[in-house]
Amino acid sequence: MFGYIAPDRPYLFIKDETLYKALYCGVCRCIAKECGQLARTALTYDMAFMSALVHNIRGDDVKIVRRRCPVHPLSRRPMTAEDDVTRVLACMNTALAWHKLSDDKADGEARGALRFLYSRGYKKVLEKHPHAAEIIAKHTAEQAALEERACASIDMACERTAVMMAELTRYALGEYATGHTDGLSYAIGKWIYLADALDDYDKDAKKGRYNVLRLAYGKPTLKEAVKEGEGELVFIFDNLFADMRAHLAAIKFNFNHDLTDNIILRGIPLKTRHLVYGTCKDGECEKK
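About the criteria used
- Starting afresh in each chain, residues are numbered from 1 along the sequence in its written order.
- Per-residue local features are limited, in this predicted model, to residues with pLDDT of at least 70; the limit for side-chain atom pairs, both in listing and counting, is 80 or more; totals at the level of whole chains, interfaces and linings are taken over all residues.
- Excluded from the side-chain calculation are hydrogens and water; included are all heavy atoms of the structure.
- A run of H or I in DSSP becomes a helix once it reaches four residues, and a run of E becomes a strand once it reaches two; helices and strands are each numbered from the N terminus.
- It is over C-alpha atoms that the radius of gyration is taken, and the globule rule equals 2.2 Å times the number of residues to the power 0.38.
- By definition, residues are in contact when any of their heavy atoms lie within 4.5 Å.
- In short, Shrake-Rupley with a 1.4 Å probe defines the accessible areas, and a residue's cover is counted only from the protein chains shown.
- In this tally Asp and Glu are treated as negative and Lys and Arg as positive; neither His nor the chain ends contributes.
- Charge positions are represented by NZ for Lys, CZ for Arg, CG for Asp and CD for Glu.
- Relative accessibility thresholds used throughout: buried, under 20% of the residue-type maximum; exposed, over 50%; partly exposed, between the two (1.4 Å probe, protein chains only).
- As a per-residue measure, pLDDT reflects the predictor's confidence and takes values from 0 up to 100.
- In this scheme Phe, Tyr and Trp rings, the latter by its six-membered ring, pair at centre separations within 6.5 Å, and the angle between planes marks the pair as stacked below 30 degrees, edge-to-face above 60, and tilted otherwise.
- Charge-over-ring placement is defined geometrically: NZ (Lys) or CZ (Arg) within 6 Å of the ring centre, and within 35 degrees of the ring normal.

### Some points on the overall build of the chain
- Within the chain, the secondary structure is distributed over 10 helices and two strands.
- The order of helices and strands in the chain, counted from the N terminus, is α-α-β-β-α-α-α-α-α-α-α-α.
- Over its C-alpha atoms the chain spans a radius of gyration of 18 Å, differing by no more than 12% from the 19 Å that the globule rule assigns to 288 residues.
- In the chain, the share of contacts with a sequence separation of at least 24, taken over all contacts with a separation of at least 6, comes to 69%.
- Of the roughly 13,800 Å² that the chain leaves accessible, carbon and sulfur atoms contribute 53%.
- Averaged over its 43 positive side-chain charges, the chain has a centre that lies 7 Å from the centre of its 40 negative ones.

### Let's talk about unusual backbone geometry
- In this structure, Ala150 takes a positive phi of about 55° despite not being glycine.
- Since its relative accessible area comes to 42%, Ala150 is described here as partly exposed.

### As for the environment of Ile5
- Structurally, Ile5 is set in the segment before α1 (14-35).
- Considering only alpha carbons, one finds Ile5 and Glu34, 29 residues apart in sequence, at a separation of 23 Å.
- Setting aside its immediate chain neighbours within four residues, Ile5 contacts Tyr20, Tyr45, Asp46, Phe49, Ile188, Trp191, Ile192 and Ile263.

### A short note on the confidence of the model for the chain
- Summarising the model, the chain shows a mean pLDDT of 92, and 96% of its residues fall at 70 or more.
- Contacts of residues 281-288 to residues separated by more than four positions or lying in other chains number 23 contacts, the stretch itself having pLDDT below 50.

### Here we look at the packing of aromatic side chains
- Within the structure shown, the criterion is met by four aromatic pairs.
- Aromatic side chains Tyr20 and Tyr45 sit 5.4 Å apart centroid to centroid with 20° between the ring planes, which places their arrangement in the stacked category. Residue Tyr20 is found in helix α1, and its partner Tyr45 is found in helix α2 (residues 45-58); the two are separated by 25 residues along the sequence.
- Taken together, the aromatic side chains of Tyr20, Tyr24 and Tyr45 make up a single cluster linked through ring pairs.
- Between Arg9 and the ring centre of Tyr45, over which it is positioned, the NZ or CZ distance is 5.7 Å.

Right, dumping it as structure tokens:
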């Protein structure tokens with residue numbers, strides 16, 4: 001995960017804001033137990049979304065408890081109690097972080113040196129959830145091969161992240177996975193890859209690194225690329241949003257799903273506008 005999935009907060013009910021924060025803190029605490037304290041530093045809000053989605057589809061209600069955390073030691077904060085779903089997501093988060101930093105290291109990024117922080121946690125993931133680790137390793141390796149060949153096809157470049165997201169969601173859902181949950185997570189995975197490409201466009205162009213959008217549009221800056229390919233970008237994202245809406249409507253949820261609806265139907269389009277045009281009119285678009 002890359003930290004792009006977030007709600008449109010001004011349109012979030014107070015109850016859902018509370019749940020969202022509790023899910024985030026719950027995954028954070030679970031990462032410490034499953035993968036070690038250092039692995040907590042890689043947590044993103046993407047996993048809070050995944051926790052909300054998977055718990056709801058599986059029908060596993062969360063229990064919210066009040067506990068202290070290292071960042072806020074003076075007061076107890078609401079957080080979800082540890083369960084099987086949270087343990088799986090905690091391990092996925094650590095494995096994704098380890099592979100992301102491996103990719104950064106291969107690209108010559110200074111932050112790639114931080115991979116050692118998650119090495120012990122990643123070894124624990126290999127022991128506890130080898131299949132999830134295998135999914136991530138397989139698709140990140142195939143992604144690296146595409147980039148090595150300087151793939152200029154936007155669809156081909158997105159495919160590996162999209163399939164990885166679908167397979168990881170299926171793994172977390174188990175018997176509750178359906179074609180529609182596959183389709184939703186596939187579209188979200190494709191969106192995540194494109195969001196990252198938009199976010200890194202100018203930096204990649206400056207350093208001469210691979211970026212599928214830069215290869216597709218051949219412009220030195222994102223602003224110029226958007227001017228050149230705005231119609232195609234709008235078409236791509238509109239189709240992704242339509243796919244998300246269609247699959248979301250066909251998924252059976254066991255509890256209130258205002259939180260996930262807000263993130264998918266409002267938060268993701270809002271973040272897209274921010275990445276493409278550089279502004280957010282309806283709320284915050286901060287990356288976490």
